[in-house]
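# Analysis of the macromolecular model
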Amino acid sequence: MIHAFHGEILTTPAPDTVAHYPDGLLVVEDGLVVALGHYADLAGRFGDIAVETLPGLIVPGFVDTHIHYPQTSRIAAHGEQLLSWLEQHIFPAEKAFADRAHADGVASFFLDELLRNGTTSALVFATVHEGSVDALFEAALSRNMRIISGKVLMDLGPEGLRDTPETARGESEALIARWRGRGRLGYAVTPRFALTSSDAQLAVAGDLLAAHGDVMMHTHMAENTGECAAVEAGYVAAHYIDAYVRFVLVGPRSLFAHCIHMSDAAMARMGEAGSAIAFCPTSNLFLGSGLFDLAHAARFGVKVGMGTDVGAGTSFSMLSTQGEAYKVGQMRGAVLDPFHALYLATAGGARALGLSDRIGGLQVGQEADFIVLDDKATPLLALRTRGAGLAERLFAMQVLGDDRCVARTYIAGILAHSR
Ligand code: GUN
Ligand code: ZN
């Protein structure tokens, strides 16, 4: 089945590539992009097909490279930095996911919230409970969303939220076997962070990653100075990254959230390994973790995507997240270009997840996940964008916009949300 969508289209498929079609056409067949370009160039090629005109700026669906679905209801928890925030606010909330019905309810709310915000793909933390992953995958399968997740490994976690190296292996293997090849889902081996897994469990994570060539590895690294000191105190080693390097967890299918407190050697190691970073500005500001150095990562060729990191992150909106990334840049004396921010939130995220061939750029052959942005969604946005050029309109939405700007969300060419 062929559908064609007509309107203004913008995509940033590579770091320095901006493709803008003021009067564009996006042609979709069976969920895949078959053509993208100027309407005048393409309309004749597709004969009699029905064309729908969309009211707004069509861009690829956002790719959130780091978010925690079980923390949805704990967003905006006051007063703490990372380690005490986890103890006081997060671990109690995650314990509730032992109950499958609770997990089902939160998973549905969470995925609908992603769609409302224009996020069509995400790498998602679940909890230590096997059923928390089943709940998320079932809900994602029914929405045909591209979701990557996995059971959290944390044998050194608090009472009631602890597994063992053996159950970590067995439950992860069972989930991989149960969900492999279904819909658009992917699996990530997910040790929470170095402080909550024993060496024996990190070795299990390394085994799982080596045994399954189609799974990712997803964890946190070098987010908070107290966390770094606690990890580095345990080793003679020079940097946090060694805790993961020792178990062969730093490789081309690995994504590390945050990476704020990085030495040159640690960043170089990431680049050589082909590992990726999730830059989570709202979270880093909210928890007082620090200011991520995008230029440092670029200097060592490290792949970077953007993440909301809800519940430490303060918004599900990848538009707001781009605006906060700009402010982090300003604090560092580096100006983030609005098109580069859009790249990080779309094709850059896809690259960080190893999905460049599938999503992120609306390129021919890719999956047709896209959104329609309304740059007049609020009176202030309408005022600010009146008569403005493309870069200014995009930047205004990044700074002033959020889910209110997402007029529609399409999953594989099919309408999944409309404001
Ligand atoms: N490090 C270990 N666990 C977490 C978490 O849940 N959120 C954040 N932001 N950092 C972590
Ligand atoms: Zn996180």
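The sections below set out a description of the structure shown in this document. Since the model is a prediction, treat every value here as computed from it, not as a measurement.

A separate point is unusual backbone geometry. Between Val 310 and Gly 311 the backbone carries a cis peptide bond, its omega angle lying at 5°. Relative to the assigned elements, Gly 311 resides in the loop between strand S13 (303-306) and helix H12 (318-332). With a phi close to 55°, Leu 362 is a non-glycine residue in the positive phi region. Locating Leu 362 in the fold gives a position in the loop between helix H14 (347-352) and strand S14 (370-373). Residues other than glycine seldom take positive phi values, yet Ala 412 does so here, at roughly 45°.

So, about the state of the cysteines. Scanning the model with the defined rule gives zero disulfides in all. Here Cys 228 is not cross-linked by a disulfide; its sulfur's nearest cysteine counterpart is in Cys 259, at 9.6 Å. The buried category is assigned to Cys 228, whose relative accessible area is 7%. Of all cysteine sulfurs in the structure, the one in Cys 259 sits closest to Cys 280, which takes part in no disulfide; the separation is 9.5 Å.

Take the side chain of Glu 94 next. Within the element layout of this structure, Glu 94 appears in helix H2 (residues 82-95). Glu 94 sits in the buried class, given a relative accessible area of 0%.

Attention now moves to the site of ligand 1. In the vicinity of ligand 1, the contacting residues are His 68, Gln 71, Leu 82, Trp 85, Leu 86, Arg 192, Phe 193, His 220, Glu 223, His 258, Asp 309 and Ala 312. The side chain of Glu 223 places a nitrogen or oxygen atom 2.7 Å from a nitrogen atom of ligand 1. Asp 309 places a side-chain nitrogen or oxygen 2.9 Å from a nitrogen atom of ligand 1. Coverage of ligand 1 by the protein chains reaches 100% of its 280 Å² of free accessible surface. Take the shell around ligand 1: its biggest share by element is three residues, from H2. Among the residues forming the shell around ligand 1, the class breakdown is five nonpolar, four polar and three charged.

Okay, the environment of Pro 191 next. Structurally, the position occupied by Pro 191 is in strand S9 (residues 186-191). Every residue in contact with Pro 191, bar those within four places of it in the chain, is listed here: Phe 125, Leu 153, Ser 197, Leu 202, Ala 205, Met 217, His 218 and Thr 219.

Moving on, we come to the packing of helix H13 (residues 338-345) against helix H16 (residues 390-400). Their axes nearest at 9 Å, the elements H13 and H16 cross at an angle of 55°. Overall, the two elements H13 and H16 adopt an arrangement that is oblique. Here H13 and H16 pass one another in a crossing that is left-handed. Along its contact with H13, which presents Pro 338, Phe 339, Ala 341 and Leu 342, the element H16 presents Leu 390, Ala 391, Leu 394, Phe 395 and Gln 398.

Further remarks concern the packing of aromatic side chains. Enumeration according to the criterion identifies 11 aromatic pairs in this entry. Taken together, a centroid distance of 5.8 Å and an interplanar angle of 50° make the contact between Tyr 69 and Phe 110 tilted. Remark: Phe 110 occurs in helix H3 (residues 100-116) and Tyr 69 occurs in the loop between strand S5 (62-68) and H2; sequence separation between them is 41 residues. The exposure class assigned to Phe 110 is buried, which follows from its relative accessible area of 0%. Centroid distance Phe 279 to Phe 292: 4.8 Å. Interplanar angle 35°. Geometry classified as tilted. On the criterion of sequence distance, the pair formed by Phe 279 in strand S12 (residues 276-279) and Phe 292 in the loop between helix H10 (281-286) and helix H11 (294-299) is long-range, its members being 13 residues apart. An identical accessibility class is assigned to Phe 279 and Phe 292; each is buried. Grouping aromatic residues by their ring pairs yields a cluster made of Tyr 69, Phe 97, Phe 110 and Phe 316. Taking NZ or CZ as reference, Arg 182 lies 4.3 Å from the ring centre of Trp 179, over its face.

Reading the values: the criteria
- Residues numbered from 1 in each chain as written.
- Chains lettered and ligands numbered in written order.
- Predicted model: local features only at pLDDT ≥ 70, side-chain atom pairs only at ≥ 80, totals over all residues.
- Heavy atoms only, no water.
- Helix = DSSP H or I, 4+ residues; strand = E, 2+ residues; numbered from the N terminus.
- Disulfide = S-S within 2.5 Å.
- Buried < 20%, exposed > 50% of the residue type's maximum accessible area, 1.4 Å probe, protein only.
- Near = heavy atom within 4 Å.
- Polar contact = N/O pair within 3.5 Å; in protein donor to acceptor, adjacent residues only side chain to side chain.
- Areas by Shrake-Rupley, 256 points an atom, 1.4 Å probe, with all protein chains shown as cover.
- Nonpolar A, V, L, I, M, F, W, Y, C, P; charged D, E, K, R; others polar.
- Contact = heavy atoms within 4.5 Å.
- Axes fitted to C-alpha atoms, helices over the stretch in contact; angles between N-to-C directions.
- Parallel < 35°, antiparallel > 145°, perpendicular 65-115°, else oblique.
- Left-handed = near helix turned anticlockwise from the far one by under 90°.
- Phe/Tyr/Trp six-rings, centres within 6.5 Å; stacked < 30°, edge-to-face > 60°.
- Lys NZ or Arg CZ within 6 Å of the ring centre and 35° of its normal.

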